[in-house]
Each structure stands twice: as C-alpha cells, then as structure tokens.
Amino acid sequence: MKKAVKMALALLIIAVLTVLIAYATLPYLNYIFGALILFVIFRPLYHFSHKKTKDSEAIRSRTCNNNFYFCCTGSSLLSFEYNHRRNRTAFS
C-alpha cells in the first residue's frame, strides 16, 4: 500500500512539473520553432559537406556555422533596410 501511494505521489509531482515547465516555455515557443526550421534548412548542407569532407569535423562545423551566421546577418540587415524604408518620410 505504501509503495502505491509513493508511486502516485511521484507521478503527480512529475505531471505538475511538466505543466509548469510547459507554461514557462510558452513565451519562447517561436524561438523553438525557429530553431527547428533552421535545422531543417541547414541539414542538407551539413550532409553534403559530410560527404565531401569525411575526415575533417572542424571544416564541416565551420562551414555550417558560417552559413548560419551569414543567413542570420543577411536577414537582419534586410529587415533593418525594410523597416528603414517603410518609416521614411518625404523629407528625410
């Protein structure tokens, strides 16, 4: 009997903690989905570089990191330019 109560209490604690963690991560849901999208985009590039350079892990990781950096930098610059042009008045 005592073992069943402990098991039920442990299950209740795990369920409560799961709900609390899920609620705490709601503001970061967009970032999680963004990371999944970037993973899907860059996975073929990683596999391509893996086939090209089988013996050098550093080259593969550097290539993927550089492509990720340039993609993020380019998109932020384009976003900045778009917002700048959208908010410009006739006299600026």
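Scroll up to find the structure.
Throughout, residues of each chain are indexed from 1 in the direction in which the sequence is written. Under the rules for a predicted model, residues below a pLDDT of 70 receive no local features and side-chain atom pairs below 80 are neither given nor counted, while totals for whole chains, interfaces and linings still include all residues. The side-chain quantities take in all heavy atoms of the structure and omit both hydrogens and water.

**Notes on the overall build of the protein**
- Comment: elements are numbered from the N terminus, with helices defined as DSSP H or I runs of at least four residues and strands as E runs of at least two. Along its length, the protein carries three helices and zero strands.
- When the helices and strands of the protein are listed from N to C terminus, the series reads α-α-α.
- Methods summary: accessible areas were calculated by the Shrake-Rupley approach with a probe of 1.4 Å, and residue burial reflects only the protein chains presented. Element-wise, carbon and sulfur atoms account for 71% of the exposed surface of the protein, whose accessible area totals about 8,500 Å².

**Details of helix H2 (residues 29–52)**
- One fewer than the residue count of a helix, multiplied by 1.5 Å, yields its expected span. Taking 1.5 Å per residue, 24 residues should reach 34 Å; H2 reaches 35 Å between its end C-alpha atoms and fits that length.
- One fitted axis covers the seven residues ending at a residue, a second covers the seven starting there, and the bend at that residue is the angle between these axes. At Phe 42, H2 shows its strongest bend, of approximately 35°, with the proline Pro 44 following within four residues.

**Some words on a nonpolar patch on the surface**
- Side chains of Tyr 23, Leu 26, Tyr 28, Leu 29, Tyr 31, Ile 32, Phe 33 and Leu 36 sit close together on the surface and give an oily, nonpolar patch of about 910 Å² of accessible area.
- Of the residues forming the nonpolar patch, the biggest block, five residues, is contributed by H2.
- Inspection of the secondary structure assignment puts Ile 32 in helix H2. Residues forming no salt bridge and having over 30% relative accessible area are the ones grouped into patches, like charges within 9 Å of each other and nonpolar side chains (Val, Leu, Ile, Met, Phe, Trp, Tyr) within 5 Å. Should a side-chain nitrogen of Lys or Arg be within 4 Å of a carboxyl oxygen of Asp or Glu, the pair is scored as a salt bridge.

**Overview of helix H1 (residues 2–24)**
- The end-to-end C-alpha distance of H1 is 33 Å, a good match for the 33 Å that 23 residues give at a rise of 1.5 Å each.
- Among the 23 residues in H1, zero count as buried, and that is only a small part of the element. The rule is simple: take the accessible area with a 1.4 Å probe, protein chains only, and divide by the maximum for that residue type; under 20% is buried, over 50% is exposed, in between is partly exposed.

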